[in-house]
Amino acid sequence: MAFCPHKLACRVCVVHCGTAGSSLLSPQLVALVLVDMWRTPVAKEFGFQNNGFSVYINRNKTGEITASSNKSLNLLKIKHGDLLFLFPSSLAGPSSEMETSATVALKALGAPNVVEDEIDQYLSRQDGKIYRSRDPQLCRHGPLGKCVHCVPLEPFDEDYLNHLEPPVKHMSFHAYIRKLTGGADKGKFVALENISCKIKSGCEGHLPWPNGICTKCQPSAITLNRQKYRHVDNIMFENHTVADRFLDFWRKTGSQHFGYLYGRYTEHKDIPLGIRAEVAAIYEPPQIGTQNSLELLEDPKAEVVDEIAAKLGLRKVGWIFTDLVSEDTRKGTVRYSRNKDTYYLSAEECITAGDFQNKHPNMCRLSPDGHFGSKFVTAVATGGPDNQVHFEGYQVSNQCMALVRDECLLPCKDAPELGYVKESSSEQYVPDVFYKDIDKFGNEITQLARPLPVEYLIIDITTTFPKDPVYTFSISQNPFPIENRDVLGETQDFHSLATYLSQNTSAMFLDIISDFHLLLFLVTNEVMPLQDSISLLLEAVRTRNEELAQTWKKSEQWATIEQLCSTVGVQLPGLQEYGAVGGSSHAAAAAMWACEHCTFMNQPGTGHCEMCSLPRT
């Protein structure tokens, strides 16, 4: 490498840097190190204090050149074409000062400071290769040798993915990154750029749109292709109860329903470097549902729900909706409506999925923007080929995300399987969008995306349930009501809380309180919200620590909750254990009785429930 301060060229040899040092010593970084030594203004601008390197005239580390603002290269007797030797300050390994200097240098070169998700950091450290054992028929070497029949495969090997059961059409995102960074340059020039459909701002050579446009500011045309990778490879519900409770709304009303999936991202070991979205709970926001439509309402509790989920070690990983039509109520079958002859996701659903994915971007260090794509998934509860309820998983491609983000894609009114790319207007320039198709003669042709079949935008994801169920939250035969189900008569109030506590008499307080919807009620209720004092309980639920839960149970906040429960007229078993108070309110509660069938509070002296007419005992 050559560096030329003041028209004098010097050659620089990097010596004994090892693996850790050589990965940081790009030509630009070496130049910045020397600029740091000889140009004080540049050092001040970038904040260099100790660059972690030393420069010598001789290879045996004699004649060290120290940083100075007074001495020139001529005074140091360095002539045109001389060879200098660059050594790291510490040969044992990169020091913190060296790492700091490298970090600053990389920032100066434009590398974004991005904190990726834990699962991404974990997978980036894995080997990822597919190891194969020795084939006794094809391998002709000893047990320590390797040949083409048993050498490890790369995680992006298409032949291996196609022979899996079932075949995998999309490699994992981290396998795609390994493919980009696995060449001779080791991904030195890799940059995952997000697609933009907007005119670049700041072009001063002409009038703004619609009066002028040039090739510098005009966005490129887009040709839709099948995305070769996917950010999430599997969706897994922890247990059937999570899904069954969500489907109960449709079973009782016949109306479609919507919910957010809360869980975590883990490694999916069935696919090399794969990612799995594990669903632990479903939050149902305010909505209006009919038999064939859904309308989402503003949710004032959305931020609080995300905050509580984060303290429980969960995050919003996707959304789910139902598209179910009963076919035979006696057999319990549903209509099989989403298939290859109709559609898998409608254009409107693709636009909604793209909007959600844009709101939940995937942090990525290889993108100049610091984010690329999304891990946010879409789950659909619909009828399968056997006319039973099936769960299907999807994502939309990064191209679809760009079209949705820049407001270029519209749904078709009478054809749900078709989208429509807007035409340019005086308010907005829309680039041309094309897709490839096969005509009746078998020739590949390019079509303008007006209209657009939405299967070009969809990535399918397998959706499963585990053989051995996992329970982040406790399961009860009499669970606490789910939020925003007032249309069913299921309300979250202190009467329902008292009823829940009276019907769940486990000796373990943690088992009783470990309910996602109950915890949300304790935080968001209007009578006594516990948002500022529930952190200890959330930590107990997250770590499954009964001692922490018992400590929180003895707090004043829980005593107040017990007091409120005792005033609604539900007599709790084990009043001393749950702290119900005595006095007049206790006597009033003992006088009234709750129906075992419908939990209605009846006046004393009656033998039948006034609501359901069933006997008291």
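Residues numbered from 1 in each chain as written. Predicted model: local features only at pLDDT ≥ 70, side-chain atom pairs only at ≥ 80, totals over all residues. Heavy atoms only, no water.

Taking an unreviewed UniProt entry as the reference, the protein is identified by name as Nuclear protein localization protein 4 homolog belonging to Myotis brandtii. A UniProt comment under Pathway (unreviewed entry) is attached to the protein, and it reads "Protein degradation; proteasomal ubiquitin-dependent pathway." According to UniProt, the comment filed for the protein under the heading Sequence similarities (unreviewed entry) is "Belongs to the NPL4 family." (UniProt positions renumbered as here; feature names shortened; annotations may be inferred.)

A.B. asks: Could you clarify how one ought to interpret the packing of helix H12 (residues 494–503) against helix H14 (residues 516–524) in this entry?
C.D. replies: Their axes nearest at 12 Å, the elements H12 and H14 cross at an angle of 140°. Between H12 and H14, the crossing angle belongs to the class labelled oblique. Between H12 and H14 the crossing geometry is left-handed. Every residue of H14 that contacts H12 at Phe494, Leu497 and Tyr500 is listed here: Leu518, Phe521 and Leu522. For the contact of H12 with H14, the per-class residue count stands at six nonpolar, no polar and no charged. (Axes fitted to C-alpha atoms, helices over the stretch in contact; angles between N-to-C directions. Helix = DSSP H or I, 4+ residues; strand = E, 2+ residues; numbered from the N terminus. Parallel < 35°, antiparallel > 145°, perpendicular 65-115°, else oblique. Left-handed = near helix turned anticlockwise from the far one by under 90°. Contact = heavy atoms within 4.5 Å. Nonpolar A, V, L, I, M, F, W, Y, C, P; charged D, E, K, R; others polar.)

A.B. asks: I'm lost on the pairing of strand S9 (residues 234–237) in this one. Help?
C.D. replies: Note on strand geometry: in a regular strand, side chains alternate between the two faces of the sheet. Burial of the side chains of S9 extends over both faces: Asn234 and Met236 are buried on one face and Ile235 and Phe237 on the other. As paired strands, S9 and strand S11 (residues 274–283) are joined by four bridges and run parallel to one another. Opposite Met236, over in S11, you have Glu278 as the bridge partner. One ladder, built from three bridges, connects S9 with strand S26 (residues 458–464); its direction is parallel. By the bridge assignment for S26, Met236 is matched with Thr464. (Buried < 20%, exposed > 50% of the residue type's maximum accessible area, 1.4 Å probe, protein only. Pairing = 2+ DSSP bridges.)

A.B. asks: I tried to follow the sheet that holds strand S20 (residues 389–396) on my own but got confused; where do I start?
C.D. replies: Through backbone hydrogen bonds, the strands of a sheet pair up, either in parallel or in antiparallel fashion. The seven strands lie next to each other as S9-S11-S10-S14-S19-S20-S26, forming a closed barrel whose pairing is mixed. In this sheet, adjacent strand axes meet at a mean angle of 35° when their direction is disregarded. By the bridge criterion, six bridges tie strand S19 (residues 377–383) to S20 in an arrangement that is antiparallel. Paired with Ala381 across the bridge in S20 is Phe391.

A.B. asks: Sorry, what's going on with the packing of helix H10 (residues 347–359) against helix H11 (residues 398–405) here?
C.D. replies: When two helices pack together, their arrangement is given by the angle between their axes and by how far apart the axes lie. Contact geometry of H10 with H11 gives a least axis separation of 8 Å together with a crossing angle of 90°. By the angle between their axes, H10 is roughly perpendicular relative to H11. Two secondary-structure elements touch here, H10 through Cys350, Ile351, Gly354, Asp355, Gln357 and Asn358 and H11 through Cys400, Met401, Val404 and Arg405. Here the residues of the contact of H10 with H11 sort into five nonpolar, three polar and two charged.

A.B. asks: Got a minute to help me understand the nonpolar core in this structure?
C.D. replies: Across soluble globular proteins, nonpolar side chains have a tendency to be buried as a group. Of all hydrophobic cores here, the largest spans 73 residues; its most connected members are Leu497, Ile513 and Leu522. Broken down by element, the residue count for this core peaks at seven residues, all from H14. Looking at this core, you find at least three residues from each of domain 2 (226–425 + 452–464) and domain 3 (486–568). Beyond its immediate stretch of four places on either side in the chain, Leu522 contacts Leu497, Ile513, Met528, Pro529, Leu530, Ile534, Leu537 and Ile561. Judged by nonpolar contacts, the second largest core, of 26 residues, contains Leu273, Val317, Val377 and Ala381. (Core = buried A, V, L, I, M, F, W, Y, C linked by side-chain atoms within 4.5 Å. Domains from an automatic or database assignment.)

A.B. asks: Looking at this structure, how should I read the pattern of salt bridges?
C.D. replies: Side chains that differ in sign of charge can pair as their charged atoms come close. Enumeration over the complete set of coordinates arrives at 22 salt bridges. Between Arg338 and Glu349 there is a salt bridge whose closest N-O contact spans 2.7 Å. Linking Arg338 in the loop between strand S16 (333–334) and H10 with Glu349 in helix H10, this pair joins segments that are 11 residues apart in sequence. The same class applies to Arg338 and to Glu349, which are both buried. One salt bridge connects Glu490 with Arg485, and the closest N-O pair in it is separated by 4.0 Å. The exposure class of Arg485 is buried, given its relative accessible area of 2%. Connected via shared salt-bridge partners are Asp117, Asp120, Arg315 and Lys375. (Salt bridge = Lys/Arg side-chain N within 4 Å of Asp/Glu carboxyl O.)

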